[in-house]
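Descriptive analysis of the structure
The chain contents come next:
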Amino acid sequence: MTYADFCQFCASFIQHILEMRIVRTDGMDDQYSVLIRFDSQDSADKFYQHFNGRQFNSLEEEVCHVLFTVYVQFTGYTGSLEHVQPAPTSSTEQPSCPVCLERLDQDTSGILTTICNHSFHCSCISKWTDSSCPVCRYCQQQPEKSICFVCQTSENLWMCVICGFVGCGRYKGGHAIIHWKETEHCYSLELETQRVWDYAGDNYVHRLIQSKTDGKLVELNSHCLHGKDNCGSCDCVDSGTSDALLSSKVEAIVNEYNELLAAQLENQKIYYETLLQEAKEETEKIISEAVKKAIAQKLQKMQAKLDRCVTEKKFLDDLNENLLKNQEMWKAKISEIEEREKMALRAKDDKIQDSEAQLRDLMAYLEAEKTLQQLSISNEIKDGTVLPMSVESSTSTGTKGKGKKIQ
C-alpha cells in the first residue's frame, strides 16, 4: 500500500488523527506498522472497533490488525538508510510541509511521517500516488529478486532477451539452455555481468563482433585491427581516417544487429504462429468432440423421450379401445334397463287402473248394500223384487265389471 492508499483506507477517521508514523517491522520484508495518535481515547476505541480484522481491499486476503500502544521508546535506526532525515531538533519554529509549505500543526490537520523521517500533511500525502517519498524518493517497496522460473534458484541467472524468460545456467539446472532448445531463442543475457550469450554461435556477442575476412571475434571499440601499437604499422594515416573507418564499422555493426534482430523476430513470429495454429487446431478438435458428444447425448435423450412417448401412445390407444368397448356395453345395458323400466311402468299403470276399477265396484257395492239396509228398515219394499243388473246397462258409471241395481 502506498501512503495515499492508507490515508484513503482510514479516511473516515482522518479528522481525529493527530499524527501517524510508519515504521518497519523487524525480520519481515515489505511489512510495516503504523503508529497512530488520536485526539481522544474515544476516537481510538472507535477506530479499533471499525478497522480491527477488516480487509484492506476485496482483492487481497490480508486483514488489518489494530493494537493499543501504551508506551513508545525510540532507540535509533538499526539499518542503513541513505535518505533518512535526522529528527528535527526542538525549536520554537514548527517545521513545514514539503508539499504545501504550510506549518505542520497537529491541531489543524493530521501529520504523517514516512520511514525516511519526512513529515507531511495527511491531505497532501494522500494526493501522492507513488510509493516513494516525495522529498528523497526513498521507496518503501524493495525491488524483487530475480529467480529461475522453473527451479526458483537465484544464482547464475540468464534472461532471454526476446521473451524475458529467466532461467538458471548450465552449471545449475540448465533451464536457460533448455528454453533455447524449446523456443530457438538464441540470445540470453547474464544478469550478473550484463553480457549477451549466443547459443547458436556458442559465444558472447555483447561487445564482440565477427570479422568477415577471417571470421575472428574482435572488440567493438578497437580503433585498429592490424597494428599492435595504435596505427604505426597499418594503413591508417590519421585520426580522421580512423574515425571514418570506426563510424563505417559501427554502421555496419548496427545494420548487422538490425538484420539479426529482424531475423530473430521473424523466427519468433513463425514460432508463435505455429503455436497459435496448433492451439487453434487443438481447440477446434476439442470443440468438435464436445459438439459431437453433446449432439450424441441430446440425440440419446430425444430417443429415450420418443420411446416414452410411443409407449404412452400405445397405452392410451389400448385404454381408448377398452373405453369404447365399455361404452358400447354400457349403452346396451342402459337400453335394456330403459326397456325394462318402460315395461314395469306399463304394468304398474295397468295394475293401478285395475285397482281403481275394483275400488269403484267395491264402493258401488257398499253404497247399494247400505241403501238396501235403509229400505229394509223402513218397510217400504216389503213386496219388492231385486233383479240383477249388468254393468254394461249402466252408462253413467263408465266402469267395467258386474253390479246390482235395485228396482
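The structure presented is a predicted model; accordingly, all values stated were derived computationally and were not measured.

Regarding the sheet that holds strand β5 (residues 157–160)
Strand order in the open sheet formed by five strands is β6-β5-β7-β8-β9, and the pairing between neighbours is antiparallel. Because the sheet does not close on itself, it has two edges, and the strands there are β6 (166–168) and β9 (203–204). Against the sheet, helix α4 (residues 175–183) contacts β5 and β6, and its axis sits at roughly 125 degrees relative to β6.

Here we look at the pattern of salt bridges
By the definition in use, this model includes seven salt bridges. With a shortest N-O distance of 3.9 Å, R195 and E190 are connected by a salt bridge. One salt bridge connects R340 with E336, and the closest N-O pair in it is separated by 3.0 Å. Here R340 and its partner E336 are both found in helix α5 (residues 239–378), four residues apart, which amounts to about one turn of the helix. The partly exposed category is assigned to R340, whose relative accessible area is 46%.

Brief notes about a nonpolar patch on the surface
A grouping of L359, L362, M363, Y365 and L366 is seen on the molecular surface, where their side chains present a nonpolar patch of about 490 Å² in accessible area. Relative to the helices and strands, L362 is located in helix α5.

Thoughts on the sheet that holds strand β3 (residues 111–113)
Taken in spatial order, the four strands of this open sheet run β2-β1-β3-β4, and their pairing is mixed. Of all strands in the sheet, those bounded by a partner on one side alone are β2 (32–38) and β4 (119–121). Sheet twist, expressed as the average angle between the axes of neighbouring strands with direction ignored, equals 20 degrees. In this structure, β3 lies alongside β4, joined through three bridges in antiparallel fashion. In the strand pairing of β4, T113 is matched with S119.

Here's the deal with the environment of L35
Note on placement: L35 falls in strand β2. You can call L35 partly exposed: its relative accessible area is 30%. Sequence-wise, L35 and V23 are twelve residues apart; in three dimensions their C-alpha atoms are separated by 7.6 Å. Setting aside residues no more than four positions away along its own chain, L35 makes contact with E19, M20, R21, V23 and V72.

Re the nonpolar core
Judged by nonpolar contacts, the single largest core of 27 residues is most densely connected at C10, M20, F47, F51, L112 and I125. Listed by contribution, the elements that provide at least two residues to this core are α1 (3–9), β1 (17–24), α2 (41–51), β3 and α3 (122–125). The leading source of residues in this core is α1, at four residues. Ignoring sequence-local partners within four residues, the contact set of C10 consists of I17, F47 and F51.

Here we look at the environment of S12
Mapping S12 onto the fold places it in the loop between α1 and β1. S12 gets classed as partly exposed once you look at its relative accessible area, which sits at 44%. Remark: the alpha-carbon pair of S12 and H50, spanning 38 residues in sequence, is separated by 10.0 Å. Not counting residues within four places of it along the chain, the set of residues in contact with S12 comprises H50 and F51.

Scoring rules and cut-offs
- Residues numbered from 1 in each chain as written.
- Predicted model: local features only at pLDDT ≥ 70, side-chain atom pairs only at ≥ 80, totals over all residues.
- Heavy atoms only, no water.
- Pairing = 2+ DSSP bridges.
- Helix = DSSP H or I, 4+ residues; strand = E, 2+ residues; numbered from the N terminus.
- Contact = heavy atoms within 4.5 Å.
- Axes fitted to C-alpha atoms, helices over the stretch in contact; angles between N-to-C directions.
- Salt bridge = Lys/Arg side-chain N within 4 Å of Asp/Glu carboxyl O.
- Buried < 20%, exposed > 50% of the residue type's maximum accessible area, 1.4 Å probe, protein only.
- Patch = residues over 30% accessible without salt bridge, like charges linked within 9 Å, V, L, I, M, F, W, Y side chains within 5 Å.
- Areas by Shrake-Rupley, 256 points an atom, 1.4 Å probe, with all protein chains shown as cover.
- Core = buried A, V, L, I, M, F, W, Y, C linked by side-chain atoms within 4.5 Å.

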